[in-house]
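# Structure assessment
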Amino acid sequence: MKKAYFLLAFSALGMNAYGQKTVDQKVSELLSKMSLEEKVGQLVQYSGFEYATGPQNSNSATVLEEIKKGRVGSMLNVAGAEETRAFQKLALQSGLKIPLLFGQDVIHGYRTTFPVNLGQAASWDLGLIEKSERIAATEASAYGIHWTFAPMVDIARDPRWGRVMEGSGEDTYLGTQIGLARIRGFQGKGLGSLDAVMACAKHFAAYGAAVGGRDYNSVDMSLRQLHETYLPPFKAAADAGAATFMNSFNDINGIPATANSYILRDLLKGRWNYKGFVVSDWGSIGEMIPHGYAKDAGEAAERAIEAGSDMDMESRMYMAELPKLVKDGKVEIKLIDDAAGRILKKKFEMGLFEDPYRFSSEERQKEQTHNTEHRKFGREFGSKSIVLLKNQGNILPLSKSVKTVALIGPFGKETVANHGFWSIAFKDDQQRIVSQFDGIKGQLDKNSTLLYAKGCNVDDNDRSMFAEAVETAKKADVVIMTLGEGHAMSGEAKSRSSIGFTGVQEDLLKEIAKTGKPIVLMINAGRPLIFNWAADHIPAIMYTWWLGTEAGNSIADVLFGTVNPGGKLPMSFPRTEGQIPVYYNHYNTGRPAKNNTDRNYVSAYIDLDNDPKFPFGYGLSYTEFKYSDMNLSSTALKGNQTLTVSVTVSNTGKHDGEEVVQLYVRDLFGKVVRPVKELKDFQKVLIRKGESKAITFKLTPENLKFFDNDLNYDWESGEFDIMVGTSSQNVQTKRISWIK
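Small disclaimer: the values here were computed from a predicted structure and weren't measured. (Residues numbered from 1 in each chain as written. Predicted model: local features only at pLDDT ≥ 70, side-chain atom pairs only at ≥ 80, totals over all residues. Heavy atoms only, no water.)

## Concerning the sheet that holds strand β19 (residues 643-651)
Taken together, three strands build an open sheet; the order of strands is β17-β19-β22 and the sheet is antiparallel. Two strands lie at the open edges of the sheet, namely β17 (625-632) and β22 (692-699), each paired on one side alone. Going across the sheet, the axis of each strand differs from the next one's by a mean of 20°, ignoring polarity. In terms of strand pairing, β19 meets β22 through eight bridges, oriented antiparallel. Paired with V645 across the bridge in β22 is F697. (Pairing = 2+ DSSP bridges. Helix = DSSP H or I, 4+ residues; strand = E, 2+ residues; numbered from the N terminus. Axes fitted to C-alpha atoms, helices over the stretch in contact; angles between N-to-C directions.)

## Thoughts on the domain arrangement of the chain
We note that the domain assignment places domain 1 (45-95), domain 2 (96-364), domain 3 (378-578) and domain 4 (624-738) within the chain. Placing the centre of domain 1 and that of domain 4 at their C-alpha centroids yields a distance of 51 Å. (Domains from an automatic or database assignment.)

## Quick word on the side chain of H203
Positionally, H203 belongs in strand β5 (residues 200-204). Look at H203 and you get buried, because its relative accessible area is 0%. Of the polar contacts made by the side chain of H203, one reaches the side chain of D154; its length is 2.8 Å. In contact with H203, not counting residues within four places along its chain, are M152, D154, R163, E166, F234, M246, N247, S248 and D281. (Buried < 20%, exposed > 50% of the residue type's maximum accessible area, 1.4 Å probe, protein only. Polar contact = N/O pair within 3.5 Å; in protein donor to acceptor, adjacent residues only side chain to side chain. Contact = heavy atoms within 4.5 Å.)

## Examining the pattern of salt bridges
Counted according to the given criterion, the structure contains 49 salt bridges. Here E550 makes a salt bridge to R375, at a shortest N to O gap of 2.8 Å. Taken together, the residues E550 in the loop between β16 (540-543) and α23 (551-559) and R375 in helix α17 (residues 372-385) connect sequence positions 175 residues apart. E485 serves as the salt-bridge partner of R527, at 2.8 Å between the closest nitrogen and oxygen. Residue R527 is found in the loop between β15 (519-524) and α22 (532-537), and its partner E485 is found in the loop between β14 (478-484) and α21 (505-513); the two are separated by 42 residues along the sequence. (Salt bridge = Lys/Arg side-chain N within 4 Å of Asp/Glu carboxyl O.)

## Points about the environment of G283
Here G283 lies in the loop between β9 (277-279) and α12 (288-291). Expressed as a C-alpha distance, the spacing of G283 and E314, which sit 31 residues apart in the sequence, is 5.2 Å. Once residues within four sequence positions are removed from consideration, G283 is found in contact with M313, E314 and S315.

## Structural notes on the packing of helix α2 (residues 23-33) against helix α15 (residues 333-349)
How two helices pack is summed up by the angle between their axes together with the distance between the axes. Where α2 contacts α15, the two axes come as close as 9 Å, and the packing angle between them is 125°. Regarding the angle of α2 to α15, the classification is oblique. The way α2 lies across α15 gives a crossing that is right-handed. In contact with V23, D24, K26, V27, L30 and L31 of α2, α15 contributes D337, A340, G341, L344, K345 and F348. When grouped by side-chain class, the residues that make up the contact of α2 with α15 number seven nonpolar, one polar and four charged. (Parallel < 35°, antiparallel > 145°, perpendicular 65-115°, else oblique. Left-handed = near helix turned anticlockwise from the far one by under 90°. Nonpolar A, V, L, I, M, F, W, Y, C, P; charged D, E, K, R; others polar.)

## Considerations on the UniProt feature "domain: Fibronectin type III-like" (unreviewed entry) in the chain
Summarizing the sequence annotation, UniProt attributes the feature "domain: Fibronectin type III-like" (unreviewed entry) to residues 659-728 in the numbering used throughout. Summarising residues 659-728: 0% helix, 56% strand, and an end-to-end C-alpha distance of 14 Å. (UniProt positions renumbered as here; feature names shortened; annotations may be inferred.)

## Considerations on the side chain of S383
Inspection of the secondary structure assignment puts S383 in helix α17. Sequence-distant contacts of S383, that is, excluding residues within four places in its chain, are made with S554, V558 and V563.

## Quick look at helix α10 (residues 232-239)
Since one α-helical turn is 3.6 residues long, residues separated by three or four positions face the same way. Along α10, the positions that sit buried rather than exposed are P233, F234, A236, A237 and A238. Those residues of α10 hidden inside the fold are in contact with α8 (172-187), β5, α9 (223-230), β6 (244-247) and α11 (261-271). A positive phi of about 85° marks G241, the residue just after α10.

## Things to note about unusual backbone geometry
Here A150 and P151 are connected by a cis peptide whose omega angle stands at 10°. Secondary-structure assignment places P151 in the loop between β4 (147-148) and α8. Residues L396 and P397 are joined by a peptide bond in cis, for which omega reads 0°. With respect to the secondary-structure elements, P397 resides in the loop between β11 (387-391) and β12 (404-408). A positive phi is found at K97, a non-glycine position, where the angle reads about 55°. Since its relative accessible area comes to 32%, K97 is described here as partly exposed. Even without being glycine, Y601 reaches a positive phi, approximately 55°. Tracing the sequence through the fold places Y601 in the loop between α23 and β17.

## Observations concerning the packing of aromatic side chains
Throughout the structure, instances matching the rule amount to 36 aromatic pairs. Between the aromatic rings of Y143 and F426, the centroid separation amounts to 5.9 Å while the plane-to-plane angle is 70°, which identifies the pairing as edge-to-face. Here F426 lies in the loop between β12 and α18 (429-432) and Y143 lies in the loop between α7 (126-142) and β4, a separation of 283 residues in the sequence. You'll find Y143 and F426 in the same group, each marked buried. Taken together, the ring pairs in this structure connect F501, F531, Y543, W545, F573, F614 and Y618 into an aromatic cluster. Above the face of the W422 ring, K202 is positioned so that its terminal group lies 5.7 Å from the ring centre. Its guanidinium or amino end placed over the ring of Y293, R303 lies 4.4 Å from that ring's centre, counting from NZ or CZ. (Phe/Tyr/Trp six-rings, centres within 6.5 Å; stacked < 30°, edge-to-face > 60°. Lys NZ or Arg CZ within 6 Å of the ring centre and 35° of its normal.)

## As for the sheet that holds β11
The mixed open sheet is built from six strands, whose spatial order is β11-β16-β15-β14-β12-β13. Either end of the sheet is taken by a strand with one partner, and the two such strands are β11 and β13 (449-453). Each strand axis lies, on average, 15° off the axis of its neighbour in the sheet, ignoring direction. Strands β12, β13 and β14 of the sheet are contacted by helix α20 (residues 466-474), whose axis makes an angle of about 165° with β13.

Quick look at the structure:
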């Protein structure tokens, strides 16, 4: 009864205090009542005390006292109805009773974990991606979370960089569309809905271009490249109303992103007119000191707030330094007011002033702890994210009545690993996550036998289990190998100089291949790996990423043909590390290679084929698709006319299947050189066996625009190649002219 009375009283106080005023008016009124220290407090974020996603320096007792004094605006890594309620009660002991925001890295699911993000991108299914974030938001908000640090919309062309697993790959258009789908999913019907969380577009900006694929490293590029390749997903996120942005760790052309006024003040909050707030990444304000950009904490805080970083995540410098900087006249109070106002506005929009505990519901949390519908969706999403790379002799799909199957490899009976990096740990993970072994066993006929041998460990030189694995393979009619990289080998701070199979896994594969048994290879990874021997010698290969809670069932659905794989690669797969970066939308150069093996005084390596091992947009199916009758509404266009591109896609195989039809454009001549092709649109369509579908795309001059060296964004008259196909390398082409 007391609890109910308190909530009603607080709610009445919140409503009566501000009446029917606009959110901006409420923020202005509240700011007028706040002391300098209380305003700066809104700019402070600390981590909880059990789970940290960076080098933690918080003292728990000090943090709790700071919260009670109104000197903390947000906590991350605090979750659960009971825990968030407890922290919120502390905040309401402060003079102005300003509630906390609770943030969490909800990256690819919450209670139900979905495929790692790069794997999701391989589905090329915007509807499924949006729904996965809708589910993640529903579950996370039921655990008291207001804010996720996602989506990561960094474009990445270097698979050595560990955080490729968190993004959508190498292409700006695909990455932008996926980022928008994620924002729609997270924020749902709007901030304030009980099943919505605040999205966070990260990492602003160009984090995916870190030199050498080494995490936290510098970025050095032209502003034209920055605007054309790396900024469009962020501009789209700002236009779509993403609640927050997060800084990147890197410097851009010598200026750390955390204090980069060009991207934060001039672009984001200036030209783009962004109204949300910007949070630093973990400790990135303090890291400007070792960067060599700030001499001490005071200078780091000053430069960050002046550039437009609103909230300090775990650097502990804003509260320590900003009040003194303001009093000494080094920082204008209007900068503090602007930053605090942006944060307070989100708290009003989330409804936290009306009811600070509205997201801390044990009943809602209980409802979302075992949501079978969410798991069912996770199983479907996992199967749609698998990419079939090879199926020589149509080994796949396997028959469920095959007499004896051997599952061999270090990942066969793994459970927690299936969640991949950036997943939320729960105490019952071992029991609820479906292993590959259990998923496969569950779909084999009762008269079939599933054998298992681990064969080797993930990352050492122990060959003692080889003999058992070979004997197991000899007993089987078909062998399923499950190899790759450990689930924690991709992610933040997980850059690798060598991206092949780790340990002695490839040696194990070669030993099993000597038995002569048919082999299906499943590759578990968060990034593109290099596996040339396997690609050349193993008849069937599935790229299974890390698929989440229902991983075993998703994999079995594809192995046995319940689901026909339709995934396509969102990144080019290199032949060697020396070929990196390799991406489809490169420039032609003045000496382009004539073909894949041309090495004679052209832009090529003398010891390597020119193409990637597997190209962007590539992926096979259990059926066959034939492209025909490509037609253009005109080959000579003027002004703002619309070009209609159509093609017939026929399913000529024996299975129903989904195909991702891809549209590319090449601008042949320009005031700056243009890529050899650029993805402009795609459609994922279900085509029944024996059926044909006419696929239509529309292009306008808007699709032809690019940035010139003066950063003007426009298009030019000229000739253009229009390409439609099943991957970036397998297209039909027709040429047009388009005059302004």
